[in-house]
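# Structural description and commentary
Here is what each chain is made of, one letter per residue.
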Amino acid sequence: AVRVSTENVLGPTIRTSLELGETDTTGRSARYTAQASLNWAVAETLTLRAVANAVSERPSFDGGSASLTMERDWNARFFAGLSARAYRDSGEVIDPLIASSAAPPLRTLAASASLRWQGDRAAFRLEAGPYWTRYGDLAPASAQFARLYSDRSWRLVQCTVSWRL
């Protein structure tokens, strides 16, 4: 695997980064990735983060995502945020005439609200919101996997705790 990245400070309130990568896996074509991000301190207590990702692998897999997060700092310990993320890929079907559990094309959309506490050695984050998945057409030979790849609307609740030694 090879990764090249750069981070740039464009001004007192804007920071960007760009990362490019290439991964070789035995028996598969190389996978190429790119990620770009922007962090903008909109105000003293308000930060906007945007991230875009892309991936490509021959013969026919392509995917990408984009996310946007706004977070408000209450007192350097407590933060509240709103996020949205979209994802899409071209699926993994190699031969539509062969029964396979390989995923068809996928699109997802998620939105969430979060609360975070940041201590000196510990952090706690609670996030909740809707999460939608939409799959493309499944190859007829793989009809037995129709329930696995059916469209769904989820409610996501996630709690994260971290501790630094």
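Scroll up to find the structure this text is about.
On a predicted model such as this, the values are computed, not experimentally measured, just so you know.

Calculation notes
Numbers given to residues run from 1 along each chain, matching the order in which its sequence is written. Since the coordinates come from a predicted model, pLDDT governs what is reported: local features require at least 70, and pairs of side-chain atoms require 80 or more to be given and counted, while whole-chain, interface and lining totals use all residues. With hydrogens and water excluded, all non-hydrogen atoms of the structure serve as input to the side-chain values. A 1.4 Å probe that fits but cannot get out identifies a cavity on a 1 Å grid over protein atoms alone, an open set with protein on both sides within 12 Å along at least five of seven lines counts as a pocket, and a residue lines either if it has an atom within 4 Å of a point. Grid points are joined across faces, edges and corners, and a volume is the space filled by probe spheres set on the points. Charged residues are taken to be Asp, Glu, Lys and Arg, nonpolar residues to be Ala, Val, Leu, Ile, Met, Phe, Trp, Tyr, Cys and Pro, and polar residues to be all remaining types, Gly included. Helix numbering and strand numbering both begin at the N terminus, where a helix is a DSSP run of H or I of at least 4 residues and a strand a DSSP run of E of at least 2. Pairs of residues are marked as contacts when any of their non-hydrogen atoms sit within 4.5 Å. The criterion for an aromatic pair is that two Phe, Tyr or Trp rings (for Trp, the six-membered ring) have centres within 6.5 Å, with stacked assigned to planes under 30 degrees apart, edge-to-face to planes over 60 apart and tilted to the rest. Comment: the charge-over-ring label is applied if NZ (Lys) or CZ (Arg) is within 6 Å of the ring centre and within 35 degrees of the ring normal. Between buried and exposed lies partly exposed: a residue is buried under 20% and exposed over 50% of the maximum accessible area for its type, with that area taken using a 1.4 Å probe on protein chains only. Here the term patch refers to residues with relative accessible area over 30% and no salt bridge, with like charges joined within 9 Å and nonpolar side chains (Val, Leu, Ile, Met, Phe, Trp, Tyr) within 5 Å. Every accessible area reported is derived by Shrake-Rupley at a probe size of 1.4 Å, with residue values counting cover from the shown protein chains alone. Basic side-chain nitrogens of Lys or Arg form a salt bridge, by our definition, when they fall within 4 Å of a carboxyl oxygen of Asp or Glu.

### Some remarks on the layout of surface pockets
- In this model, the second largest pocket occupies a volume close to 180 Å³.
- When the residues that make up the lining of the second largest pocket are grouped by side-chain class, the tally is five nonpolar, three polar and three charged.

### A few points about the environment of Gly119
- Tracing the sequence through the fold places Gly119 in the loop between β7 (106-118) and β8 (122-135).
- In this structure, the C-alpha to C-alpha distance between Gly119 and Trp163, residues 44 residues apart in sequence, is 9.3 Å.
- In contact with Gly119, not counting residues within four places along its chain, are Arg77 and Arg164.

### What to know about the packing of aromatic side chains
- Per the counting criterion, the structure on display carries one aromatic pair.
- The ring of Phe79 carries Arg116 above its face, with NZ or CZ at 4.0 Å from the centroid.

### Description of unusual backbone geometry
- Cis geometry marks the peptide bond from Arg58 to Pro59; its omega dihedral reads 15 degrees.
- Mapped onto the fold, Pro59 is located in the loop between β4 (46-57) and β5 (61-73).
- Look at Ala76: it is not a glycine, yet its phi comes out positive at around 70 degrees.
- Along the polypeptide, Ala76 turns up in the loop between β5 and β6 (78-89).
- Classification of Ala76 as exposed rests on a relative accessible area of 52%.

### Focus: a nonpolar patch on the surface
- On the surface, a cluster of nonpolar side chains totalling about 800 Å² of accessible area is made up of Trp74, Phe78, Leu115, Trp117, Phe124, Leu126, Val157 and Val161.
- Counting only elements with at least two residues in the nonpolar patch, the list comes to β7, β8 and β9 (152-163).
- Its location among the elements puts Leu126 in strand β8.

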